[in-house]
Amino acid sequence: MLLEQGPSYREGFFLKQEMLTRIRRELHQIPELGFKEYKTQQYLLDYINQLPQEALRVEMWRTGIFVRVQGNVGQKTIGYRADIDGLPLTEETGYEFQSTHDGRMHACGHDFHMTIALGALTRLAQKPADDDVVFLFQPAEEGPGGAEPMLQSEAMDRHRPDVIFGLHVAPELPVGSVSSKPGLLFANTSELFIDFKGVGGHAAFPHLTHDMVVTASAFVSHLQQIVARRVDPLDSAVITIGKIEAGTVQNIIAQAARLEGTIRTLSPEAMEKVKGEIEKVARGYEIANDCDIHIDYGANYHQVFNDAEQVQHFEKIVKETDYRFQDANMAMTGEDFGYMLKEIPGFMFWLGVDSEAGLHQSTLKPKEEALTVGVNIVEKTLRNL
Ligand SMILES: CC(=O)N[C@@H](CCC[C@H](N)C(=O)O)C(=O)O
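Keep in mind the model is a prediction, meaning the values are calculated, not measured. Counting starts from 1 at the beginning of each chain's written sequence and moves along it residue by residue. Per-residue local features are limited, in this predicted model, to residues with pLDDT of at least 70; the limit for side-chain atom pairs, both in listing and counting, is 80 or more; totals at the level of whole chains, interfaces and linings are taken over all residues. Hydrogens and water molecules were not included; the side-chain quantities draw on all heavy atoms of the structure.

**Digging into the domain arrangement of the protein chain**
- Domain start and stop positions are those given by an automatic or database domain assignment. Along its sequence, the protein chain is organised into domain 1 (2–185 + 304–384) and domain 2 (188–300).
- Taking only C-alpha atoms, the centre of domain 1 and the centre of domain 2 are 35 Å apart.
- On the side of domain 2, 10 residues touch domain 1, which itself brings 9 residues to the contact.
- Salt bridges, as used here, are contacts in which a Lys or Arg side-chain nitrogen is within 4 Å of a carboxyl oxygen on Asp or Glu. Along the contact surface separating domain 1 from domain 2 lie 0 salt bridges.
- In protein, a polar contact requires one atom able to donate a hydrogen and another able to accept it; more generally it is a pair of N or O atoms within 3.5 Å, and residues adjacent in sequence count only if both atoms are side-chain atoms. Taken together, the links from domain 1 to domain 2 amount to 2 residue pairs in polar contact (both at pLDDT 80 or more).
- All residues other than Ala, Val, Leu, Ile, Met, Phe, Trp, Tyr, Cys, Pro, Asp, Glu, Lys and Arg, Gly among them, are scored as polar; the first ten of these are nonpolar and the last four charged. For the side of domain 1 that touches domain 2, the per-class residue count stands at 5 nonpolar, 3 polar and 1 charged. Residue contacts follow a heavy-atom distance rule, with two residues in contact if any of their heavy atoms lie within 4.5 Å.

**Structural notes on the sheet that holds strand 16 (residues 324–327)**
- Pairing between two strands is assigned when DSSP locates at least 2 bridges connecting them. Every helix listed is a DSSP run of H or I at least four residues long, and every strand listed is a run of E at least two residues long, numbered separately from the N terminus. One open sheet holds the 8 strands; their spatial order is 1-2-4-3-5-17-6-16, and the pairing between them is mixed. At either end of the open sheet lies a strand with only one pairing partner, and these are strand 1 (56–61) and strand 16. Sheet twist, expressed as the mean angle between neighbouring strand axes with direction ignored, is 25 degrees.
- Of the pairings in the sheet, the one linking strand 6 (residues 177–180) to strand 17 (residues 346–352) comprises 2 bridges and is antiparallel in character. Each residue of the ladder has a partner; that of V178, found in strand 17, is L351.
- Fitted lines through C-alpha atoms give the axes, limited to the stretch in contact for helices. The angle between two N-to-C directions lies from 0 to 180 degrees. On the sheet, helix 10 (residues 369–384) packs against strand 3 (77–83), strand 4 (132–138), strand 5 (163–170), strand 6 and strand 17 and is oriented at approximately 155 degrees with respect to strand 17.

**Thoughts on the pattern of salt bridges**
- Tallying each qualifying case throughout the model produces 23 salt bridges.
- For E277, the salt bridge goes to K273, with nearest N and O atoms at 3.4 Å. In this pair, E277 and K273 are both assigned in helix 7 (residues 268–289), 4 residues apart and thus about one turn of the helix distant.
- Among the salt bridges present, the one from K380 reaches E320, with a minimum N-O distance of 3.4 Å. A residue pair is termed long-range when its members are at least 10 positions apart, and K380 in helix 10 and E320 in the loop between helix 8 (308–319) and strand 16 qualify at 60 residues.
- Judged by relative accessible area, K380 falls into the partly exposed class, the value being 25%.
- The class for E320 is exposed, based on a relative accessible area of 51%. Throughout, exposure labels follow a simple rule: accessible area from a 1.4 Å probe, protein chains only, divided by the maximum for the residue type, with under 20% read as buried, over 50% as exposed, and the rest as partly exposed.

Here you go:
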């Protein structure tokens, strides 16, 4: 799993690209799913424990960690959030440091997010900012959602920031650039799990069965009609089915099927509307196909809505560096960080990592030079927000 010794703060090259690359590669090898980030948490703790401890207060929360760095003045507390979980995907990057966990991959850049947080934390532990700073290493962003329970935790009461921000890697942006916008940045999301139960049987006698492969397939297509014909064209929605499961063998008609997907909308109201439409279609399918359909919405994430004043401030901070700030468009990605921004003013920004493959692809290869860019920008923002 980890390299033999793990990164050592005492080796003295902790601020350099080389060290950031090493940390990123080690974290990349141990992706874990939401609330199972045990090795990841241990790795982070091992690193944090090597830093100068004078200004630090470390508190575990489930598989996550709060790290508070006491400021010189401590008038307010600035929060910085990094998500730490990986995805259920088999890596195909060909990296020599690729995932050692079968069917798990850091395909959403959380290895970058953590490394950048450790880099900025290292600098602040050496030379604290004027304000107090809290690093939130948050589990389960990809699901089932760690931000909301972390926000409601007693530990959060002890560390609650006055302002908070976070970043996400952006494969389509060049290294050296960041991007954000005031207001709505990311969508409202809801997971979607639909179970179909009918009557299976012999492949040669379809008329004696209620085939759930045919029913579920038609249902998938019908979901797209909801987006095309039930949502105002000037509004937007996405329904994606990412997984279909049904059947046992080629000559048995399936008695059960399951769809797994996600819904994305630009407002909480549109989310309710889309869910209502899905339920109506399901009732119709139950009658037309003599089956039972059960819908479960799994985890729901509140939209990411950036505070205009904080984004303006951030843009100014970036423009004082050699890095480039550009205006972002809204995206249908989801982020449970939206729950934190609902209660605490702040923002999220994209960090350019220039990868041909996109987020959630098995070949995602973010450029590691972006780690230094991320650390520089996060550190400067933490000192100046
Ligand atoms: C940044 C990003 O890719 N976030 C995920 C969040 C997933 C939320 C949930 N599991 C869902 O699928 O609805 C995304 O897929 O946008």
